[in-house]
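Structure at a glance
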Amino acid sequence: FAPADATGQPPATPAPAAAAADAPPARLPFPPGATHAYVDLQRVAAQSSIGQSANQQVQSLSEAKLAQIEATNAELAASQQKLQQRGGALSNEAQIQLQAEIDTLNTRVHRQTQDAEAEVVRFQQGLQLEFNAKLAPALDQVGATRGLSFIFSVGEGGIAWANPALDVTADVILALDAAPPTPSSPSLIHI
C-alpha cells in the first residue's frame, strides 16, 4: 500500500492505452494435474476489495495529515510575512517575540511531518497484518481447490519464468473477496 506522493495528490489516472497495457493477459486454462502455481501478490493487493479499501484508507489518512501540516505552514507563512513587512516598525521585544513564534511554528511543522509519516507507516503496517491474515486462508482455499503442492509468489525474486496458465492470482482475489468479513480491530482513521 502506497501513501500519497509528496504533494498529497493521488497517482494520476493512466491513459486508456496504459491501462490496457497494465491489464492482465487473458486467462489461460489451468493445466490439468499441475501441482505448482504462482500468484502476483502486488496484483492481489491492487485488485482485491480489501487491498483497494486499504489503499483508500491510507490515502485519506495521508490527505488529512497533509491538511494539518498545510494549516501550520499557512500560520508560519503569515508570521514570516508579518516580520518582513512590519519588522522595522515593531519594537525589539515584539520582533523577538514574533521570531520566537516563527521558530516554534517551524518546529511544529517539522514534528507534524515526522509524526504524520510515522502514523501513516504504523497504519499501513496494521493494514498489512490484516491483509496477510485474510490472504493465508484464501491461498489455502485456492491451493486445496486446485490440488496444489506449492503456490509461489511472483515478484519476490524467486521466479524468472512461469507458464502463464499456472497463474492463480485471479483465483486468490476471488477467494479473498468472497471471504466473510472477520471482526478485527477497527480500521478507522484516527486523526
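Not measured: the values here are computed from a predicted model.

Membership of the largest hydrophobic core comes to 19 residues, with the highest contact counts inside it found for Phe-30, Val-44, Phe-131, Val-168, Val-172 and Leu-176. The residues contacting Leu-176, other than those within four sequence positions of it, are Val-44, Ser-48, Ile-50, Phe-131, Lys-134, Leu-135 and Ala-138. Judged by nonpolar contacts, the second largest core, of six residues, contains Ala-54, Val-120, Phe-123 and Leu-127.

The next subject is the packing of aromatic side chains. If you walk through the whole model with that rule in mind, you get one aromatic pair. Ring geometry for Phe-150 versus Phe-152: centroids 5.8 Å apart, planes at 15°, classification stacked. The exposure class of Phe-150 is partly exposed, given its relative accessible area of 45%. For the cation-ring pair, Arg-146 lies above Phe-30, with the distance from its terminal atom to the ring centre recorded as 4.4 Å.

Let us now look at the pattern of salt bridges. As a working rule, side chains carrying opposite charge can pair if their charged atoms are close by. Counted by the stated rule, this structure contains five salt bridges. Where Lys-65 meets Glu-119, a salt bridge forms, and the shortest distance between an N and an O atom there is 3.0 Å. With Lys-65 in helix 3 (residues 49–86) and Glu-119 in helix 4 (residues 92–146), this pair connects stretches of sequence that are 54 residues apart. A single burial state applies to Lys-65 and to Glu-119, both of which are buried. Close ionic contact of Asp-171 with Arg-146 constitutes a salt bridge, the shortest N to O distance being 2.7 Å. Of this pair, Asp-171 sits in helix 5 (residues 169–178) while Arg-146 sits in helix 4, and the two are 25 residues apart along the sequence.

What follows deals with the packing of helix 4 against helix 5. One way to put it is that helix 4 packs onto helix 5 with a least axis distance of 8 Å and a crossing angle of 120°. Classified by the angle between their axes, helix 4 and helix 5 sit oblique to one another. For the crossing formed where helix 4 meets helix 5, the hand is right-handed. For the pair formed by helix 4 and helix 5, the contact residues are Phe-131, Lys-134, Leu-135, Ala-138, Leu-139, Gln-141, Val-142 and Arg-146 on the first element and Asp-171, Val-172, Ala-175 and Leu-176 on the second. Residue composition of the contact of helix 4 with helix 5, grouped by class: eight nonpolar, one polar and three charged.

On to the side chain of Thr-72. With respect to the helices, strands and loops of the structure, Thr-72 is situated in helix 3. In terms of polar contacts, Thr-72 uses its side chain to reach the side chain of Gln-112, at 2.8 Å. When residues no more than four places from it in sequence are discounted, the contact partners of Thr-72 are Leu-105, Arg-108, Val-109 and Gln-112.

As a further point, take the confidence of the model for the protein. Confidence in the prediction of the protein, expressed as mean pLDDT, is 84, and 81% of residues score 70 or more. Overall, residues 2–15 carries pLDDT values under 50, and its contacts beyond four positions in sequence, including any with other chains, amount to 19 contacts. Across residues 185–191, where pLDDT falls below 50, the model places 16 contacts with residues more than four positions away in sequence or in other chains.

Parameters and conventions
- Residues numbered from 1 in each chain as written.
- Predicted model: local features only at pLDDT ≥ 70, side-chain atom pairs only at ≥ 80, totals over all residues.
- Heavy atoms only, no water.
- Core = buried A, V, L, I, M, F, W, Y, C linked by side-chain atoms within 4.5 Å.
- Buried < 20%, exposed > 50% of the residue type's maximum accessible area, 1.4 Å probe, protein only.
- Contact = heavy atoms within 4.5 Å.
- Phe/Tyr/Trp six-rings, centres within 6.5 Å; stacked < 30°, edge-to-face > 60°.
- Lys NZ or Arg CZ within 6 Å of the ring centre and 35° of its normal.
- Salt bridge = Lys/Arg side-chain N within 4 Å of Asp/Glu carboxyl O.
- Helix = DSSP H or I, 4+ residues; strand = E, 2+ residues; numbered from the N terminus.
- Axes fitted to C-alpha atoms, helices over the stretch in contact; angles between N-to-C directions.
- Parallel < 35°, antiparallel > 145°, perpendicular 65-115°, else oblique.
- Left-handed = near helix turned anticlockwise from the far one by under 90°.
- Nonpolar A, V, L, I, M, F, W, Y, C, P; charged D, E, K, R; others polar.
- Polar contact = N/O pair within 3.5 Å; in protein donor to acceptor, adjacent residues only side chain to side chain.
- pLDDT = per-residue confidence, 0-100.

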